[in-house]
Amino acid sequence: MNQAKLQAAILHAEVASPEFLGEGAWHHALKVEKDGRELVLRIPKDLVYGKPAEFNEEELTAEYASTELYYRSVNQAVKGAAPEFFQFHVSEQLSYTLESFAGKHIDLHKLTRAQAVETGKALGDIYRKTEEIPHGLDGFGYLHWTEKEGLRGSITGDVHRFLQEESEEHLSDYRELSEARPEFQDETISEALKLATEFRARSFTKPLLSNQDASPENMLRNGTQICLIDPFPNIYYPRGMAGNFMNLYETFFIALSDTERYGKHRFGDCADNLKGMADGFLAGYSTDDSRIQAEVRGEQLLQLLETAYSHFHLLSGKLPEEARIRYGDKNQIEKRLATLANELKALAASVVKRLADAVENSEAR
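Going by the annotation in an unreviewed UniProt entry, the name recorded for the chain is Aminoglycoside phosphotransferase domain-containing protein, with Planococcus maritimus given as the source organism.

1. Thoughts on the pattern of salt bridges
By the definition in use, this model includes 27 salt bridges. Within this structure, R113, D272 and D279 form a network of salt bridges that share partners.

2. Overview of the domain arrangement of the chain
Each domain of the chain was delimited in the assignment, giving domain 1 (3-101) and domain 2 (105-142 + 156-361). Distance from the C-alpha centre of domain 1 to the C-alpha centre of domain 2: 27 Å. Counting residues at the interface gives 21 residues for domain 1, matched by 24 residues for domain 2. Of the roughly 1,900 Å² buried between domain 1 and domain 2 on both sides combined, carbon and sulfur atoms contribute 65%.

3. Quick look at the pairing of strand β1 (residues 16-23)
The pairing of β1 with strand β2 (residues 27-34) spans five bridges and is antiparallel. Pairing of F20 across the sheet is with L30, part of β2. The hairpin turn running from β1 into β2, its antiparallel successor, is three residues long.

4. Focus: the side chain of T119
Along the chain, T119 turns up in helix α3 (residues 113-131). Given a relative accessible area of 3%, T119 falls into the buried group. If sequence neighbours within four positions are ignored, T119 has contacts with I106, L111, R221, I226 and M277.

5. Thoughts on the sheet that holds strand β8 (residues 104-105)
Strand order across the open sheet formed by three strands is β8-β12-β13, with antiparallel pairing between neighbours. Every interior strand has two partners, whereas the edge strands, β8 and β13 (225-228), have only one. For strand β12 (residues 219-222) and β13, the ladder comprises four bridges, and the chain directions are antiparallel. Bridge pairing in β13 places N222 opposite Q225.

6. Looking at helix α8 (residues 290-314)
Between the first and last C-alpha of α8 there are 36 Å, a value that for 25 residues agrees with the 36 Å anticipated at 1.5 Å per step. Counting buried residues in α8 gives 19 out of 25 residues, a clear majority hidden from the surface. Sitting at the amino-terminal end of α8 is D289, which places a side-chain oxygen 2.8 Å from the backbone nitrogen of R291.

7. Observations regarding the packing of α3 against helix α7 (residues 271-286)
Interhelical geometry of α3 versus α7 gives an angle of 40 degrees and a closest axis separation of 6 Å. Relative to α7, α3 is oriented oblique. Here the hand of the crossing between α3 and α7 comes out right-handed. Where α3 approaches α7, its residues R113, A116, V117, T119, G120, K121, L123, G124, D125, Y127, R128 and E131 are matched on the opposing element by D272, N273, K275, G276, M277, D279, G280, F281, A283, G284 and Y285. Tallied by class, residues from the contact of α3 with α7 come to eight nonpolar, seven polar and eight charged.

8. With respect to the pairing of strand β14 (residues 233-236)
Burial along β14 is two-sided: the face carrying P233 and I235 and the face carrying N234 and Y236 are both buried. Relative to β14, strand β9 (residues 140-146) runs antiparallel, the two sharing two bridges. By the bridge assignment, Y142 is partnered in β14 with N234. Both strand β11 (residues 208-211) and β14 contribute to a ladder of four bridges, which runs antiparallel. By the bridge assignment for β14, L208 is matched with Y236.

Parameters at a glance
Residues numbered from 1 in each chain as written. Predicted model: local features only at pLDDT ≥ 70, side-chain atom pairs only at ≥ 80, totals over all residues. Heavy atoms only, no water. Salt bridge = Lys/Arg side-chain N within 4 Å of Asp/Glu carboxyl O. Domains from an automatic or database assignment. Contact = heavy atoms within 4.5 Å. Buried area = accessible area lost by both parts, 1.4 Å probe. Pairing = 2+ DSSP bridges. Helix = DSSP H or I, 4+ residues; strand = E, 2+ residues; numbered from the N terminus. Buried < 20%, exposed > 50% of the residue type's maximum accessible area, 1.4 Å probe, protein only. Expected span 1.5 Å × (residues − 1). Polar contact = N/O pair within 3.5 Å; in protein donor to acceptor, adjacent residues only side chain to side chain. Axes fitted to C-alpha atoms, helices over the stretch in contact; angles between N-to-C directions. Parallel < 35°, antiparallel > 145°, perpendicular 65-115°, else oblique. Left-handed = near helix turned anticlockwise from the far one by under 90°. Nonpolar A, V, L, I, M, F, W, Y, C, P; charged D, E, K, R; others polar.

Shown next as structure tokens:
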């Protein structure tokens, strides 16, 4: 850690007793004290995925302001489910965030499966209730900030048309992938993807606030309360982020457990608990509503497709260092594609009838 930046942040934030907590991909985190409270000071790293981090005021302000919005929304939905204090400072010389100390990381290796399911239920409940809080921002997509307009969605225009174009891209990606890789050729996959894109078009109403970063690193426990930290908020079709959660916990984290980025977590050793988290999340998020479950499973299928498609494209050309850290070398990526093909076939087979019934029922309404 850059000691000069650390000391400058401690002085500027007027905190004391720094104790190193750990680091993520983008920040160092320290536990500090101020006015008798335990807080967490986060300082941007100088190197991110092996490359020097360049200062961008608008991007950093957007990141921190969107975190502030998400924390506030979460706490309106479920009090104590996000840090209740948050402030940030951004300048070229010094940037940092300061937030409530929200508890200890959940150790997936020490949970029973029943505890993993209950943890997932609590997370699903938080996600759903947070979506119900009005965000009050214009635009949609990832959040953007300018001095003139403040915080807003980075995309303007017809959100329904954007969703339709995105769906067409998903289907196009599958055609390209299946033509290049025979292991992905499967009539059930093709049918399930078409149904998923049709159902999302029928189900989507308006863009809502949700969180893309569902990493276990960003889930804490404070007594019995689950607390979310370090989110990656967006304003869009919220079922997509629920599907993202399912894909991460049922497939992605386990499949990538041999990479530099995820290896330290030993996700392969707690695969059953990860899947238990997913089971619980779907139950808590959907409140056992079969229509919502079908929406989420459809979005999970699309997320899994894009996981495979991104792996496929990483095999062409030189592999960037950031990609190597996240996904492994080309041999690992090649081997993983076979796993992803099998996962996509299995998921499509398990959801195709549910999606077909959901589309038929939506037509009858």
